[in-house]
Amino acid sequence: MSGEASTANGNKKIALITGITGQDGSYLAEFLIEKGYEVHGVMRRSSSFNTGRIQHLYEQPNCHTGGRMHLHYGDLTDTTCLIRIITQTRPKEIYNLGAQSHVKVSFELSEYTAQVDALGTLRLLEAVRAAGLDKETKIYQASTSELYGKVVEVPQNEKTPFYPRSPYACAKLYGYWIVVNYREAYGMFACNGILFNHESPRRGENFVTRKITRGVAKITLGLMSHLELGNLDSKRDWGHARDYVEAMWLMLQQEQPEDFVVATGEAHSVREFVEKAFACVDISVVWRGTGVEETGHDANTDKLLVKVNPKYFRPTEVDLLLGDPSKAKQSLGWQPRVSFDQLVKDMVTADLALMRRDPQA
Ligand code: NDP
Ligand code: GDR
């Protein structure tokens, strides 16, 4: 069966994406379908609808019904299903994007986060070996700037030492090293993309950028009084998810497997993000007080817009992430296209349109 599939699939470009229903998975699926791939995605069973981000692909005649996109129920905690899906689909490229990806939530779901983000990566690598594809299939691992955690060096590059600051980052640290180990031990083509924060209108609602742009849209339309946020001082290197999925693909088109930092090289604070987002609806924010007492107000009307709520603080915070993408620029010819200003504008515009269509969203 596997021999036949292998012959049949000889020159076909087949990709498997774990986490296809997430922000990055949806952009990557679009990108690969556009490039002519047959895309297989691992989708979790959920009691509610979880394919909203790829619904538009379902509706395109060449994708779902046209045989270019296939979804498989699966989970990174289930070894058997991973072996079955990989054996049946025999992908040329696997993108391991599936994860419990929320840093704050990982403090509450620490064991589960390790199961999925750390052991899930190991299960996937072992499933590739079990399917006999360790010399054929190229693997991309969604590693993260959270590995750098506590600031040791700025900007952070591929040689900067890691210092994880959350159960999420510790689990991803295992994922990073097991990928390096399987590459060295078994000669597998497996790479880590150390991606800094990347956002989009499809970003999950409880990550800070999307929470802010949704809040700005709701406040503008009179659907919400003010926003409550945690640490306004933390700084992140924010890019656009659509740009970043291209870097994932480029890593798997190289002759040799290597790890790459993907970032913009620019950092902004959460406070700056808030100011930029309100500026998109012509509101200028003035800040009063400090620490947990800090509030943001409309400079014209004095209306309260932002309040700090310590419930959003993390037991250990990552203060500053700023990436040096020189290696990706030189070796992959990759560079970000969307600026910080454009990213914020796109997200606010999309959320305004969404809230106008559906005020309950
Ligand atoms: P999302 O949270 O949007 O998507 C995560 C995906 O993983 C979803 O499809 C989710 O399914 C799926 N998933 C969760 N648990 C499991 C599981 N047990 N088995 C299989 N699939 C699972 O994350 P992003 O798209 O933003 O990120 C993609 C990857 O990149 C993640 O691994 C993340 O940790 C990493 N990363 C993200 C960065 C970013 O800034 N976005 C930066 C660096 C790394 P469901 O839809 O059902 O919840
Ligand atoms: P992060 O993203 O932890 O960097 O992980 P998030 O948007 O959750 O937080 C960024 C910073 O904003 C501060 N913050 C708040 N965060 C949230 N979620 N909600 C708030 O109300 C709030 N107020 C302030 C946080 O403390 C933090 O400093 C993301 C995820 O996509 C990971 O999967 C990925 O690995 C990293 O980016 C790179």
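Predicted, not measured: the structure shown is a model, and the values here were computed from it. (Residues numbered from 1 in each chain as written. Chains lettered and ligands numbered in written order. Predicted model: local features only at pLDDT ≥ 70, side-chain atom pairs only at ≥ 80, totals over all residues.)

As for the pairing of strand β15 (residues 304-308)
Inspection of the sheet shows strand β8 (residues 227-229) paired to β15 by three bridges, in the parallel sense. Within the sheet, the bridge partner assigned to L229 lies in β15 and is V308. As paired strands, strand β14 (residues 295-298) and β15 are joined by three bridges and run antiparallel to one another. When the bridges of β15 are listed, G296 appears paired with V306. With antiparallel pairing between neighbouring strands as the criterion, β14 and β15 make up a hairpin whose turn holds five residues, including D302 at a positive phi of roughly 70°. (Pairing = 2+ DSSP bridges. Helix = DSSP H or I, 4+ residues; strand = E, 2+ residues; numbered from the N terminus.)

Points about the pairing of strand β13 (residues 285-288)
As paired elements, β13 and β14 share four bridges and run antiparallel to each other. Considered in β14, the bridge of W287 is made with G296. Between the end of β13 and the start of β14, which pair antiparallel, lie six residues, with G289 showing a positive phi angle near 75°.

Brief notes about the site of ligand 2
Around ligand 2, the structure places 23 residues, and the nearest of them are S101, T144, V208, G230 and S234. Elements supplying a minimum of two residues to the shell around ligand 2: α5 (103-108) and α8 (208-220). Broken down by element, the shell around ligand 2 gets its largest block of residues, three residues, from α8. Residues belonging to the shell around ligand 2 are distributed by class as follows: eight nonpolar, nine polar and six charged. Per-domain counts for the shell around ligand 2 show at least three residues from each of domain 1 (2-199 + 238-262) and domain 2 (208-236 + 268-317 + 339-357). (Near = placed C-beta within 6 Å. Nonpolar A, V, L, I, M, F, W, Y, C, P; charged D, E, K, R; others polar. Domains from an automatic or database assignment.)

Thoughts on the site of ligand 1
Around ligand 1 there are 26 residues in total, and G19, G22, G98, A99 and A142 lie nearest to it. Residue contributions to the shell around ligand 1 peak at three residues, all from helix α2 (residues 23-34).

Digging into the packing of α8 against helix α10 (residues 270-279)
Interaxial distance between α8 and α10 falls to 10 Å at its minimum, and their mutual angle equals 30°. By the angle class used here, α8 and α10 are roughly parallel. Between α8 and α10 the crossing geometry is right-handed. Residues V208, T209, I212, T213 and V216 of α8 lie in contact with α10, whose contacting residues are V270, F273, V274, A277 and F278. (Axes fitted to C-alpha atoms, helices over the stretch in contact; angles between N-to-C directions. Parallel < 35°, antiparallel > 145°, perpendicular 65-115°, else oblique. Left-handed = near helix turned anticlockwise from the far one by under 90°. Contact = placed C-beta atoms within 7 Å.)

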